[in-house]
Amino acid sequence: MPKRPARSTLSPTSLSPTTTVRAAVFDLGGVLVDWNPRYLYRKLLADDAAVETFLAEVCTQEWNARQDVGRPWSEAVESLAREHPEQRDLIAAYRDRWEEMLGGPIDGTVAILAELRAGGLPLFALSNWSAETFPIARSRYGFLDWFAGIVISGEVRLGKPDPRVFRYLLDRHRLDAASTVFIDDSAVNVRAAADLGMIAIRFAGAERLRADLAGLGVLAEPTTPLG
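Residues numbered from 1 in each chain as written. Predicted model: local features only at pLDDT ≥ 70, side-chain atom pairs only at ≥ 80, totals over all residues. Heavy atoms only, no water.

**Student:** Explain the packing of helix 6 (residues 107-118) against helix 11 (residues 206-215) to me, please; I cannot follow it from the model alone.
**Tutor:** The axes of two packed helices give the description: the angle between them and the distance between them. Between helix 6 and helix 11, whose axes approach to 8 Å, the crossing angle comes to 25°. Here helix 6 is positioned roughly parallel relative to helix 11, judged by the angle of their axes. Regarding helix 6 and helix 11, the two cross each other, and that crossing is right-handed. For the pair helix 6 and helix 11, contact is made by Gly108, Thr109, Ile112, Glu115 and Leu116 and by Ala206, Leu209, Arg210 and Leu213, respectively. (Axes fitted to C-alpha atoms, helices over the stretch in contact; angles between N-to-C directions. Helix = DSSP H or I, 4+ residues; strand = E, 2+ residues; numbered from the N terminus. Parallel < 35°, antiparallel > 145°, perpendicular 65-115°, else oblique. Left-handed = near helix turned anticlockwise from the far one by under 90°. Contact = heavy atoms within 4.5 Å.)

Right under this line is the structure:
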């Protein structure tokens, strides 16, 4: 995934001098888990240009997002293959070889998660993810067991940035929005969380996240200042 510039990422509307963080909610893909369909399609297509065209015109983000809110993969593959019959095998690979889109954990963020856990802060996850493919990740990344609760969009059939999925998370786990920090790499999702009164942080790398969490008093200050 492209590296974002280090910058202040705390939502200015969600932080006050009296803020006390009582729980943290993490997005998964792009924050803790390196997931990218390019990892697979670079094996299947001739060059990067072909990969980008396929992902922009056939297996698009919008198409994948419907699986993230509950559409069955069998239905998704069949409906798209009818539109692009010459691409059927490539479309089917999105599901059949989905695990090959997973990279490793994002180690810097996992280290932060471990520190928060050691400090006793309750940890939760809220992720847009297909209910059919999440078990693959669940078995692969041991740190997912550190969460007191995980809300997966495909299981509840609601996805970020829909405010209903944030309310579901807060209600299900009895979290107070004003004392819950939410971390996500999507600006739209961060804004939705801030609008509900959560302490919202746009993820821009582990170093920047550490500085933001230190500013909230839940981690020690970084040993070296950000450039």
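Once you've had a look at it, read on.
**Student:** For this particular structure, what's the right way to read the environment of leucine 158?
**Tutor:** Looking at the element boundaries, leucine 158 is found in the loop between helix 8 (153-156) and helix 9 (163-172). Separated by 10 residues in sequence, leucine 158 and tyrosine 168 place their C-alpha atoms 9.1 Å apart. Dropping the residues within four chain positions of it, leucine 158 is found in contact with Val69, Ser153, Arg164 and Val165.

**Student:** Explain the pairing of strand 7 (residues 199-202) to me, please; I cannot follow it from the model alone.
**Tutor:** Residues in a regular strand project their side chains so that they alternate between the two faces of the sheet. Burial along strand 7 is two-sided: Ile199 and Ile201 and Ala200 and Arg202, pointing in opposite directions, are all buried. Strand direction decides the pairing type here: strand 6 (residues 180-184) and strand 7, joined by four bridges, are parallel. Residue pairing for strand 7: aspartate 184 is matched across the bridge by arginine 202. The parallel pair strand 6 and strand 7 is bridged by helix 10 (residues 187-195), and the resulting crossover is right-handed. (Buried < 20%, exposed > 50% of the residue type's maximum accessible area, 1.4 Å probe, protein only. Pairing = 2+ DSSP bridges. Right-handed = clockwise from strand over helix to strand, strands pointing away.)

**Student:** For this particular structure, what's the right way to read the sheet that holds strand 1 (residues 23-26)?
**Tutor:** The pairing of strands in a sheet happens through backbone hydrogen bonds and is either parallel or antiparallel. Read across the sheet, five strands follow the order 5-4-1-6-7 without closing on themselves; strand pairing throughout is parallel. With one partner strand each, in any of the chains shown, strand 5 (149-152) and strand 7 form the two edges of the open sheet. Going across the sheet, the axis of each strand differs from the next one's by a mean of 20°, ignoring polarity. The pairing of strand 4 (residues 123-127) with strand 5 spans four bridges and is classified as parallel. Each residue of the ladder has a partner; that of phenylalanine 124, found in strand 5, is glycine 149. Seen against the sheet, helix 10 touches strand 6 and strand 7 and runs at an angle of roughly 170° to strand 7.

**Student:** Help me understand the side chain of serine 179 in this model?
**Tutor:** Looking at the element boundaries, serine 179 is found in the loop between helix 9 and strand 6. The buried category is assigned to serine 179, whose relative accessible area is 6%. Residues within four places of serine 179 in sequence aside, it is in contact with Thr20, Val21, Arg22, Ala23 and Ile199.

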